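Descriptive structure summary
Below, each chain spelled out in residue letters.
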Amino acid sequence: MLSLERVRAGYGETVVLEDVDLELPERGSLAVLGRNGVGKTTLLATIMGHTTFHAGQIRFQNGTVQHKPVYERCRLGIGYVPQERMIFPSLSVHENLDVARRPGRWTIDVVYDLFPRLGERRSAMGNQLSGGEQQMLAIGRALMGNPSLLLMDEPLEGLAPIIVESLLQSLKKLVSEHALAIILVEQHAKIALQVTQTALVLNRGRVAYSGTSAELLADADRLTGLLVAQ
């Protein structure tokens, strides 16, 4: 579904990602791990088209997309859940979902089925939601675009453990029941590895590890070494 080949990208003349390769099959799930500032968010932003592309190739659904604008990548089937959530504060939950609606299997009712709490709060304004509700809404809004690939940037950040568990169950459903491919950037490395099939660890903008999540999860020393590498 998605492949990156020797991608170099960043912001203006500043290069953040250096020679990044990755492959993600249909219905695949990839955890992107690493310390703060190593390029995880930049990787998602590059796939979505928000950075300066310097070299390499990004292929999605058998076509190159590295020079396509953001809106075209969205129409092709890439959904993005930013770390900041970016909920419209003056719109209700229902309106936040409806504004992103595109034809496909994901409807507002299907989103409410995935996140029942949003159905209960459908009339609440965006600025009246808890952090967990905002995160559910950010994911639901991305799904309303009917993507085949969902990029998520630290969706568990700052949430209570009970909300984290609820969101994790929803993420598993997205892969197993809704045939979505997912790239998950997350600081909670062990949690991310438990819900994904493969993993990529970045260090200073380069790939330090690429392999199965299970293998990395089973090797605690290696995982620690990769996440604290300088």
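Reference entry: report on the structure contained in this document. In this convention, every chain numbers its residues from 1, walking through the sequence in written order. Only residues with pLDDT of at least 70 get local features here, since the model is predicted, and only at 80 or more are side-chain atom pairs given and counted; chain-wide, interface and lining totals rely on the full set of residues. Excluded from the side-chain calculations are hydrogens and water; all other atoms, namely the structure's heavy atoms, are used.

**Focus on the overall build of the protein chain**
In DSSP terms, a helix is any run of H or I states spanning at least four residues, a strand is any run of E spanning at least two, and both are numbered starting from the N terminus. Per the secondary structure count, the protein chain includes ten helices and ten strands. In terms of overall size, the protein chain behaves like a compact globule, its C-alpha atoms giving a radius of gyration of 17 Å where 230 residues would be expected to give roughly 17 Å. By principal-axis analysis of the C-alpha atoms, the protein chain measures approximately 45 × 40 × 30 Å. Only protein chains enter the accessibility calculation, which uses a 1.4 Å probe; a residue is then buried when its area is under 20% of its type maximum, exposed when over 50%, and partly exposed in between. Split into buried and exposed, the 230 residues of the protein chain put 49% on the buried side. We call two residues in contact when some of their heavy atoms are within 4.5 Å. Nonlocal contacts in the protein chain, meaning residues at least 24 apart in sequence, comprise 69% of its contacts between residues at least 6 apart. In the protein chain, which carries 23 positive and 24 negative side-chain charges, the distance between the mean positions of the two groups comes to 2 Å. As defined in this context, the radius of gyration uses C-alpha atoms, and a globule is described by 2.2 Å times the residue total to the power 0.38. Counted charges follow a simple rule, with Lys and Arg positive, Asp and Glu negative, and His plus the chain ends left uncounted. The atoms used to mark charge sites are NZ of Lys, CZ of Arg, CG of Asp and CD of Glu.

**Let's talk about the side chain of E186**
Position of E186 among the secondary structure elements: in the loop between strand 8 (181–185) and helix 8 (189–194). Any N or O atom pair separated by 3.5 Å or less is treated as a polar contact, with the protein-specific requirement of one donor-capable and one acceptor-capable atom, and with residues adjacent in sequence counted only for side-chain atom pairs. Separated by 2.8 Å, the side chains of E186 and H188 make a polar contact. Apart from the residues lying within four places of it in its own chain, the contact partners of E186 are V32, L33, E154, P155, L156 and A192.

**Description of the pattern of salt bridges**
The rule for a salt bridge is simple: a side-chain nitrogen of Lys or Arg has to be within 4 Å of a carboxyl oxygen of Asp or Glu. Tallied over the full model, the rule gives ten salt bridges. Here E133 ties to R121 by a salt bridge, and the two come within 3.4 Å at their closest N and O atoms. In this pair, E133 is assigned in helix 6 (residues 131–143) and R121 in the loop between helix 5 (116–120) and helix 6, connecting sequence segments twelve residues apart. Across the pair R222 and E215 runs a salt bridge whose closest N-O atoms are separated by 3.8 Å. Overlapping salt bridges bring together R6, R8, E18, D19 and R206 as one network.

**Some points on the nonpolar core**
L33, L150, L174 and L216 are the most contacted members of the largest nonpolar core, which totals 45 residues. For our purposes a nonpolar core is just a set of buried Ala, Val, Leu, Ile, Met, Phe, Trp, Tyr and Cys residues, chained together by side-chain atoms within 4.5 Å. Counting 28 residues, the second largest nonpolar core, distinct from the first, contains A9, V32, L149 and L151.

**Points about the sheet that holds strand 5 (residues 63–64)**
A pair of strands counts as paired when DSSP detects no fewer than two bridges linking them. The sheet built from four strands is open, its strands ordered 2-1-4-5 with antiparallel pairing. Edge positions in the open sheet fall to strand 2 (14–24) and strand 5, since each of these has one partner strand only. Relative to strand 4 (residues 52–60), strand 1 (residues 2–11) runs antiparallel, the two being bridged by seven bridges. When the sheet's bridge partners are listed, A9 is paired in strand 4 with F53. Interaxial angles span 0 to 180 degrees and are taken between N-to-C directions of axes, which are lines fitted to C-alpha atoms, for helices over the stretch in contact. Each of strand 1, strand 2 and strand 4 touches helix 1 (residues 40–48); the most contacted strand, strand 1, lies at about 110° to it.

**Considerations on the environment of A100**
With respect to the element layout, A100 can be found in the loop between helix 3 (93–98) and helix 4 (108–114). Under the relative-accessibility criterion, A100 is labelled partly exposed at 22%. Separated by 46 residues in the primary sequence, A100 and N146 have C-alpha atoms spaced 9.4 Å apart. The contact partners of A100, leaving out residues within four places of it in the chain, are R141, M144 and G145.

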